Amino acid sequence: MFESLTQRLTGAFSFLKGNAELTPENIEEGLRAVRAALLEADVHFKVARDFTERVRERVLGEKTLKGVEASQQFIHACHEELVALLGPETSGLEFAKTGPTVILMAGLQGAGKTTTCAKLAKLQKEKHQRRPLLVAADVKRPAAVEQLKILGQKIGVPVFHVAGVSAPEVCAQGVEFARKNGHDLVILDTAGRLHVDDEMMAEVADVARRTSPHNQLLVVDAMTGQDAVKSAQAFHEKLALTGVVMTKLDGDARGGAALSIQGVVGRPILFAGVGEKIDDLDTFHARRMAGRILGMGDVVGLVETAATKISEEEAQASFEKMVLGDFTLEDMLAQLRMIKRMGPLKKVLAMMPGMSQLGDLDKLVDEKKFTRMEALFTSMTRKERLRPEIIDMSRRRRIARGAGQDPNAVGELLKAHQGMKRMMKEMNRMGLGARLGAKAKEESLRSMSPTGELAAKDTGGGLFGLGGGMGGLGGLGSLFGGAARGGGMPGMGAPGGGLGLPGRPMGSSPTRQSGSKRKKDKRKKRR
């Protein structure tokens, strides 16, 4: 997400590195680079111009702070203006005090409007405990009604439709049906077109007049750049939009549409589609997104994701494992599966500070490595996972055959485990119980546990971390973060590699010579 824009802005800020203070000359140089980066990212030229002017005013108006680099002050000014550009931090849906809240969803065909209706219904149902009703009013596109019914069945939300009547009448009857049957949220899926035309605008305006929606949202495709901004302008003139839903944001490397919508149309982005799955709709947070654009990551979003996917018991168990210094292959497998539960590896890495500077994560991340590693784990017996020291060469061959891989891959996996175990011991020396013995550590952990028992005793492991409050995510940066510094997961790749990141092939070594090379060296010694 926005990798191209992040790299350009990082390059723009590099002009100021090494400068002790901000001067009118280096400020102008930095602003020119930022403006060029925004225009290359397909940001509307007026938005880019106004943004750089506001950054200039903020930088010149701020007091110079002692001990703070000029580049950091400049980045701070850009960050604050990006937050303002992406929309008010307090923006959100408006809910009715009495009766059902009506949300009208409009947009062009191909933007993902029908799927977004289902995603929004699922989000409101599961996260906010609402009782939504989907109204299928797209009577123009073939199979649109059937598509919404299938999606509604998948998420457990009823879909209302009346055949043979106009879209405004379907919506009016749908709102009345929701009122009588206790639904507190109605989402209207209206018809779209391949382009903006008068017939579509008139129909959507009639739906709005008949239903008096509390929220009128436009669904736009982030990949279309300034075309999305133009369609938003056209809809806003006829419909008085209250917000925007930006779909396919995970595939938008430039970010021109996202940065231009608020500045041109004056309406905030409320939700962002970040994938194809029904769960891939996130509430849009301007401050978090500004941090990701500037390469600062989104730690809050990462913790929230972990909190929904990882239970408190698992987090507590992982914390205890770290403090006690007990880390087996069984724990490593549990970590692997929990990371997979959090979603695509690319999405998790994009939330970590500094990871966007590695470049295009699509090319760097190898999701299949997870699958290959899990195959090796499941080819082992439970005894082997709990006691990896018993895995001799014959066991390695059997495990490799079961996973369909080379025996060297098992050796690399064991090296990775040993490297992670050493890292956890180092973390343990600096953390809780650094000066305590094993028994004292156990007693300390029992006093911290809500049940008075050690969660790690009853579980196969967890995602190692620095505390339950972080959802077990404290150590996740140690697992991947080395790649941002040129390191990687021990034994799982060459420098620059890591778990899921490309490095040496499993089974190779940076120091071991090939067989033919060793034979040649022996012949030379004999001579």
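Provided above is the structure to which this section pertains.
Presented here is a report on the structure given in the accompanying data block. Chains are numbered independently. Their residues run from 1 in the order of the written sequence. Reporting of local features is limited, given that this is a predicted model, to residues whose pLDDT is at least 70; pairs of side-chain atoms are given and counted only at 80 or more, and all residues count toward the totals for whole chains, interfaces and linings. Hydrogens and water are ignored here; the side-chain numbers use all heavy atoms of the structure.

**What about the layout of surface pockets?**
Link 1 in the chain: We place a 1 Å grid over just the protein atoms. Points where a 1.4 Å probe fits but has no way out form a cavity, open points with protein on both sides within 12 Å along at least 5 of 7 lines form a pocket, and any residue with an atom within 4 Å of a point lines it. Grid points are joined across faces, edges and corners, and a volume is the space filled by probe spheres set on the points. Estimates place the volume of the second largest pocket at around 250 Å³.
Link 2 in the chain: What lines the second largest pocket is a set of 18 residues, among which S91, G92, T283, F284 and H285 lie closest to the centre.
Link 3 in the chain: Three residue categories are used. Nonpolar comprises Ala, Val, Leu, Ile, Met, Phe, Trp, Tyr, Cys and Pro, charged comprises Asp, Glu, Lys and Arg, and polar comprises the others, including Gly. Of the residues assigned to the lining of the second largest pocket, the class counts are 7 nonpolar, 6 polar and 5 charged.

**Side note on the nonpolar core**
Generally speaking, nonpolar side chains in soluble globular proteins are found buried as a group.
Link 1 in the chain: Here, nonpolar core means buried Ala, Val, Leu, Ile, Met, Phe, Trp, Tyr and Cys residues that are tied together by side-chain atoms lying within 4.5 Å of each other. Only protein chains enter the calculation, and the probe is 1.4 Å; a residue is then buried if its accessible area is under 20% of its type maximum, exposed if over 50%, and partly exposed in between. In terms of nonpolar packing, the biggest core is built from 72 residues, with F74, L188, M246 and L259 touching the most fellow members.
Link 2 in the chain: Only DSSP runs of H or I reaching four residues or more are called helices, and only runs of E reaching two or more are called strands; each is numbered from the N terminus. For this core, the element with the highest residue contribution is helix α4 (residues 70-86), accounting for 8 residues.
Link 3 in the chain: Domains are outlined according to an automatic or database domain assignment. Both domain 1 (3-86) and domain 2 (101-284) contribute no fewer than three residues apiece to this core.
Link 4 in the chain: Contact criterion: two residues are considered in contact whenever any of their non-hydrogen atoms come within 4.5 Å of each other. With residues near it in sequence (within four places) discarded, F74 still touches F13, L16, L22, I27, G30, L31, V34, V55 and V59.

**Some details on the pattern of salt bridges**
Link 1 in the chain: We define a salt bridge as a contact between a side-chain nitrogen of Lys or Arg and a carboxyl oxygen of Asp or Glu at a distance within 4 Å. One pass over the full model with this rule turns up 22 salt bridges.
Link 2 in the chain: Among the salt bridges present, the one from R56 reaches E28, with a minimum N-O distance of 2.8 Å. Here E28 lies in helix α2 (residues 24-40) and R56 lies in helix α3 (residues 45-61), a separation of 28 residues in the sequence.
Link 3 in the chain: Classification of E28 by relative accessible area gives partly exposed; the value is 27%.
Link 4 in the chain: R141 is the partner of D138 in a salt bridge, and the nearest nitrogen-oxygen pair spans 3.7 Å.
Link 5 in the chain: When salt bridges with common partners are traced through the structure, they connect E28, E53 and R56 into a single cluster.

**Considerations on the sheet that holds strand β7 (residues 269-273)**
Link 1 in the chain: The pairing criterion is simple: DSSP has to find at least two bridges between the two strands. Reading across the sheet, the 8 strands line up as β3-β2-β4-β1-β5-β6-β7-β8 and stay open at both edges, with mixed pairing between neighbours. Taken across any chain shown, the strands that pair with only one partner, and hence form the sheet edges, are β3 (159-160) and β8 (281-283).
Link 2 in the chain: Examined bridge by bridge, strand β5 (residues 215-221) and strand β6 (residues 243-247) share 5 bridges and lie parallel to one another. The residue bridging V220 from the neighbouring strand is M246, located in β6.

**Remarks on helix α14 (residues 329-341)**
Link 1 in the chain: Take the residue count of a helix, subtract one, and multiply by 1.5 Å to get its expected span. Here α14 is 13 residues long and its end C-alpha atoms lie 18 Å apart, about the 18 Å a rise of 1.5 Å per residue gives.
Link 2 in the chain: Turning to α14, its buried residues are L329, E330, D331, M332, L333, A334, Q335, L336, M338 and I339.
Link 3 in the chain: Within 3.5 Å is the distance limit for a polar contact, defined as a pair of N or O atoms, with the added protein rule that one can donate a hydrogen and the other accept it, and that residues adjacent in sequence qualify only through two side-chain atoms. Sitting at the amino-terminal end of α14 is T328, which places a side-chain oxygen 3.3 Å from the backbone nitrogen of E330.
Link 4 in the chain: Just past α14, the residue G343 takes up positive phi, approximately 120°.

Bear in mind that shape data such as this cannot, by itself, settle questions of function.
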